[in-house]
Amino acid sequence: MSEPILEVQDLRVHFSVFKGFLQRLLGGGEAKVHAVDGVTFSLREGEVFGLVGESGCGKTTIARTLVGLVRPTSGRIRYRGKDVNIADKKSRFQLQQRIQMVYQDPHAALSPAMTVGEAIADVFRTHGIINERGMRIPATSEEVVRKAALRALADVGLRPPEFFYAKYPDELSGGQKQRVVAARVLALRPRIIIADEPVAMLDMSVRARMLEFLLELKDRYHLTYIFITHDLATAKFMCTRIAIMYLGRIVEAGPAKTIYADPKHPYTRALLQAIPIPDPERRTQKVLPRGEVPNAVWPPAGCRFHPRCPAALATCGWEGRDFVSFLEERWLPSDMEAEESELGPVEAWEPADFEVRRESSSDENPSRIADRVRQILSESGGPMAQAVTAVAVEADEVVVRFRRPDLLAPKEVDGRIVECLLY
Amino acid sequence: MSALLEVKHLSVTFETPQGNVHAVQDVDLTIERGSTVGLVGESGCGKSTLGRAILRLHPRNASVQGSIRFAGRDLLALPPREVRDLRGRNLAMIFQDPMTRLDPLMRIRDHFIETIRAHDPTVEKKEALERARKVLADVRVPSDRLGMYPHELSGGMRQRIMIALCLLFKPALLIADEPTTALDVILEAQILELLRSIMKEYNMAVLLITHNLGLVAEFADRVAVMYAGHLAEEGATIPLFREPRHPYTQGLLASVIDLETTQLYSVPGAPPTLLGRSEGCPFYPRCEKRMDVCKTVYPEMRPVGDDRRAVACHLY
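Residues numbered from 1 in each chain as written. Chains lettered and ligands numbered in written order. Predicted model: local features only at pLDDT ≥ 70, side-chain atom pairs only at ≥ 80, totals over all residues. Heavy atoms only, no water.

Engineer: Please explain the pattern of salt bridges as it appears in this structure.
Structural biologist: Pairs may arise between side chains of opposite charge once their charged atoms sit close together. On inspection of all chains with the given rule, the structure shows 43 salt bridges over all chains. A salt bridge links Arg 76 of chain A to Asp 83 of chain A, with the nearest nitrogen and oxygen atoms 2.9 Å apart. Glu 130 of chain B is paired through a salt bridge with Arg 133 of chain B; the nearest N and O atoms lie 3.3 Å apart. With Glu 130 of chain B and Arg 133 of chain B both in helix α4 (residues 125-138) and three residues apart, this pair spans about one turn of that helix. Looking at Glu 130 of chain B, the relative accessible area reads 47%, which means it is partly exposed. Taking relative accessible area as the criterion, Arg 133 of chain B reaches 33% and is therefore assigned partly exposed. Each member of the salt-bridge network shares a partner with another, and the members are Glu 355, Arg 357, Glu 394, Glu 397 and Arg 401 of chain A. (Salt bridge = Lys/Arg side-chain N within 4 Å of Asp/Glu carboxyl O. Helix = DSSP H or I, 4+ residues; strand = E, 2+ residues; numbered from the N terminus. Buried < 20%, exposed > 50% of the residue type's maximum accessible area, 1.4 Å probe, protein only.)

Engineer: Help me out: how do you make sense of the state of the cysteines in this one?
Structural biologist: Disulfides are covalent bonds that link the sulfur atoms of two cysteine residues. According to the stated counting rule, one finds zero disulfides over all chains in the structure shown. Its sulfur unpaired, Cys 420 of chain A is 6.2 Å from the next cysteine sulfur, which belongs to Cys 303 of chain A. With no disulfide of its own, Cys 281 of chain B lies closest to Cys 294 of chain B among cysteine sulfurs, the gap being 6.1 Å. (Disulfide = S-S within 2.5 Å.)

Engineer: Before we go on, may I ask you to explain the packing of helix α3 (residues 108-119) of chain B against α4 of chain B in this structure?
Structural biologist: A pair of packed helices is captured by two measures, namely the crossing angle of their axes and the spacing between those axes. Residue and element names in this part refer to chain B. The contact between α3 and α4 brings their axes to 9 Å, and the two run at 110 degrees. Considering their axes alone, α3 and α4 lie roughly perpendicular with respect to each other. Across the interface between the two elements, Arg 109, Phe 112, Ile 113, Ile 116 and Arg 117 of α3 pack against Lys 125, Ala 128, Leu 129, Arg 131, Ala 132, Val 135 and Leu 136 of α4. Split into classes, the residues belonging to the contact of α3 with α4 amount to eight nonpolar, no polar and four charged. (Axes fitted to C-alpha atoms, helices over the stretch in contact; angles between N-to-C directions. Parallel < 35°, antiparallel > 145°, perpendicular 65-115°, else oblique. Contact = heavy atoms within 4.5 Å. Nonpolar A, V, L, I, M, F, W, Y, C, P; charged D, E, K, R; others polar.)

Engineer: Explain the packing of helix α5 (residues 155-167) of chain B against helix α6 (residues 185-202) of chain B here, please?
Structural biologist: All names here are of chain B. Two elements in contact, α5 and α6, have axes separated by 11 Å at closest approach and are oriented at 15 degrees. Judged by the inter-axis angle, α5 sits roughly parallel to α6. With respect to the hand of their crossing, α5 and α6 are arranged in right-handed fashion. Each of Gly 156, Gln 159, Arg 160, Ile 163 and Leu 167 in α5 lies in contact with α6, whose residues at this interface are Leu 187, Gln 190, Ile 191, Leu 194, Leu 195, Ile 198 and Tyr 202. Here the contact of α5 with α6 is built from residues that sort into eight nonpolar, three polar and one charged. (Left-handed = near helix turned anticlockwise from the far one by under 90°.)

Engineer: How should the nonpolar core be read in this particular structure?
Structural biologist: The nonpolar side chains of soluble globular proteins are, as a tendency, buried together. Residues and elements named next belong to chain A. By size, the foremost hydrophobic cluster in this structure holds 101 residues, and its most contacted members are Phe 124, Phe 323, Trp 349, Val 373, Leu 377, Val 400 and Phe 402. When residues of this core are assigned to their parent elements, the largest contribution, eight residues, is made by helix α9 (residues 204-221). The contacts of Phe 124, once residues within four sequence positions are left out, are Ile 129, Ala 139, Val 145, Ala 148, Ala 149, Ala 152 and Ala 187. (Core = buried A, V, L, I, M, F, W, Y, C linked by side-chain atoms within 4.5 Å.)

Engineer: Looking at this model, I keep getting lost on the interface of chain A and chain B. Mind explaining?
Structural biologist: Accessible area lost on assembly of the parts is the figure often given for the size of an interface. In this complex, chain A contributes 42 residues to the contact, which on the side of chain B involves 51 residues. Contact between chain A and chain B buries roughly 4,000 Å² in total, counting both sides, with carbon and sulfur atoms accounting for 58%. Applying the counting rule to chain A against chain B returns four salt bridges. Between Arg 282 of chain A and Glu 260 of chain B there is a salt bridge whose closest N-O contact spans 3.3 Å. Put simply, chain A and chain B have 22 residue pairs in polar contact (both at pLDDT 80 or more) between them. Among the secondary structure elements, those contributing two or more residues to the side of chain A that touches chain B are α9, α10 (232-238) and α12 (266-274) of chain A. Per-element accounting of the side of chain A that touches chain B gives the leading share, seven residues, to α9 of chain A. A per-class count over the side of chain A that touches chain B returns 22 nonpolar, five polar and 15 charged. (Buried area = accessible area lost by both parts, 1.4 Å probe. Polar contact = N/O pair within 3.5 Å; in protein donor to acceptor, adjacent residues only side chain to side chain.)

Engineer: Explain unusual backbone geometry here, please?
Structural biologist: Across the chain, the bulk of peptide bonds are trans and the bulk of non-glycine residues have phi less than zero. Here the bond from Arg 159 of chain A into Pro 160 of chain A is cis, since omega is -5 degrees, no more than 30 degrees from zero. Looking at where Pro 160 of chain A falls in the secondary structure, it is placed in the loop between α6 (142-155) and α7 (161-165). A positive phi angle is found at His 9 of chain B, which is not glycine, with a value near 45 degrees. Along the chain, the position of His 9 of chain B falls in strand β1 (residues 5-16). The phi dihedral of Asn 203 of chain B is positive, around 50 degrees, even though this residue is not glycine. Relative to the helices and strands, Asn 203 of chain B resides in the loop between α6 and β8 (205-210).

Engineer: For this particular structure, what's the right way to read the sheet that holds strand β4 (residues 62-70) of chain B?
Structural biologist: Note: strands within a sheet are paired through backbone hydrogen bonds, in either parallel or antiparallel orientation. Residue and element names in this part refer to chain B. With antiparallel pairing, four strands are arranged side by side in an open sheet as β2-β1-β4-β5. The sheet is open, and its two edges are formed by β2 (19-31) and β5 (73-74), each paired on a single side. Against the sheet, helix α1 (residues 47-54) engages β1, β2 and β4, with an angle of about 115 degrees to β1. (Pairing = 2+ DSSP bridges.)

Engineer: Sorry if this is basic, but what is going on with the sheet that holds strand β13 (residues 350-352) of chain A here?
Structural biologist: Residues and elements named next belong to chain A. Taking strand neighbours across the sheet as the criterion, the four strands line up as β13-β14-β16-β15 in an open arrangement whose pairing is antiparallel. Only two strands of the sheet have a single neighbouring strand rather than two, namely β13 and β15 (388-394). Strand-to-strand twist in this sheet, taken as the mean axis angle between neighbours without regard to direction, amounts to 20 degrees. Note that strand β14 (residues 355-359) and strand β16 (residues 397-402) share five bridges and pair antiparallel. For Arg 357, the partnering residue across the bridge sits in β16 and is Val 399. Where helix α15 (residues 366-380) meets the sheet, it contacts β14, β15 and β16, and its direction lies at approximately 165 degrees from that of β15.

Keep in mind that these numbers describe shape and distance, not what the molecule does.
This is the structure:
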């Protein structure tokens, strides 16, 4: 097995959230978006490594960190076995020449006021021309630069290059623009290319051509790819290994074949099941996770997927706010008035970590409320109800307490890494 | 019984400084009561323009020809006031990005009150909110969301609220223009399930406009494939997916990447611009089965086979 070309260890990227004056005055902890929260993976030379997940899972933040657009909060990045000092601008800059990125929207990546030839020539003017042997030749004259740009255009299949050199981005199709972006990225002769949803903006009938083109470049220039996508079907075709991300964490990672043949994490299963099948004769009833991806400022305790997970256990991290969502959901179908009179409005329940409290007013009987809570919990019988350790009355408050989650860590299961208490 | 919606020879032309753009050309489309029709095509093929023209939401520089009969009435011949009342009451539309369709300065409750009063000015606030709660329950949204502003809600919630706003008057037809494209796969599947259950409950027909063939396969009873402003093929979903006849439909289906894809395929070339009118078949430059006649003669939609299919191709 070849040496990893890039290793990412326990990478964390947190973004501070701007708080209004009043919120700052009222205090409370500093609000941070946990965009990437402890991610570890390594890249082997020549492979296509897929980072797969829904929007907000942190996959693009990882990419932006690797190309130096975002400063990581903590973690280690090693390139060919050598530590990259994240805090040091110069060593990050060196890494950036080795890692380049292709963005989702090629139109936004190109200046509308520059011909595409000039856009490429500009790279050579700034960085010099790098020849096949990796030697840097300074861009001595405009003639040399122009020649290099023309060759770069021809190399990505935009022929005749003279014709394309003078075109503006809006005169080109989406696929052609994506090729221009590729030409510009390749000008620095990177070793690793991060492709962030490179075909999401392209029409179905031309997507395949772009994917084939990326694979062809990989072979021609001996590149290693990080392929970022939300589309598990494309990832299956492109990637040798994949990592499935959810809310800043990798939940399952391993060889693509192994994971697609037998997905282990309930989230991976959910994603696979949600893909629409282009065959009307195979319509099936889907079992979908409830709700949506929660806010990354306060990610759920324990396993972040637990509030939506169809296979959750009592030990997965149930907490006060899960009880509030539970109340909201159970009120929907039934007669609201009757329920509400006993439990009070949902807003009256105040969650704080592993408990949730409700103050009762003078004309209410807190033990009656507690009894009612016990009753609906036992009726539901779900993993959340099993995680409740006590429903108590304290002075005029009703308190529901939850057990702490079991320790969650990545584990090797059948040839891949899974972070789930089921295993 | 006649169809709910019957579009005949519909053309939409935009006048632009660069010349006329023929966004929709001579399209026929029929939607039966309570059924789902998927309108598929790539960006710029005219599918959204067609959807908007049905609601008469086309911009001023567009001229619309042909006829659109909805529940027996020709929408193109009706005075604007009557169309406005039909819209929202009998015909509704949801769009790709719900955030741009909700007013950021208005609470969700006010969206409901305004929508109801636009059609029924006499309705009391209290009654309007009661009706809002009812439709919100139908789209599984907790009613405390009524007091919130659009930005406080997640993308999925917003789309559910858009759907709820459409349901207020129990429309007979909902036009859904890429309703899930801005959403993630799991949410997409959730919204589709929701639409399916609501259709049954409200006996509502849906025109699903999308580029995603997978969605159509899972959702639609019939499929219409559009290319460069023209209808290329139309038929029942199962036979059409089993045996696509138009070379473009064949190419489009072959280029879908799903979990079973082992060989990639893409249709050669790129979609044409719609500036000016082409003589022959618009797919001619990209077609792998083109013949001489295709270059000069436009193929009319013709019934092909015995599965109520129509194809615009000289091969048949």
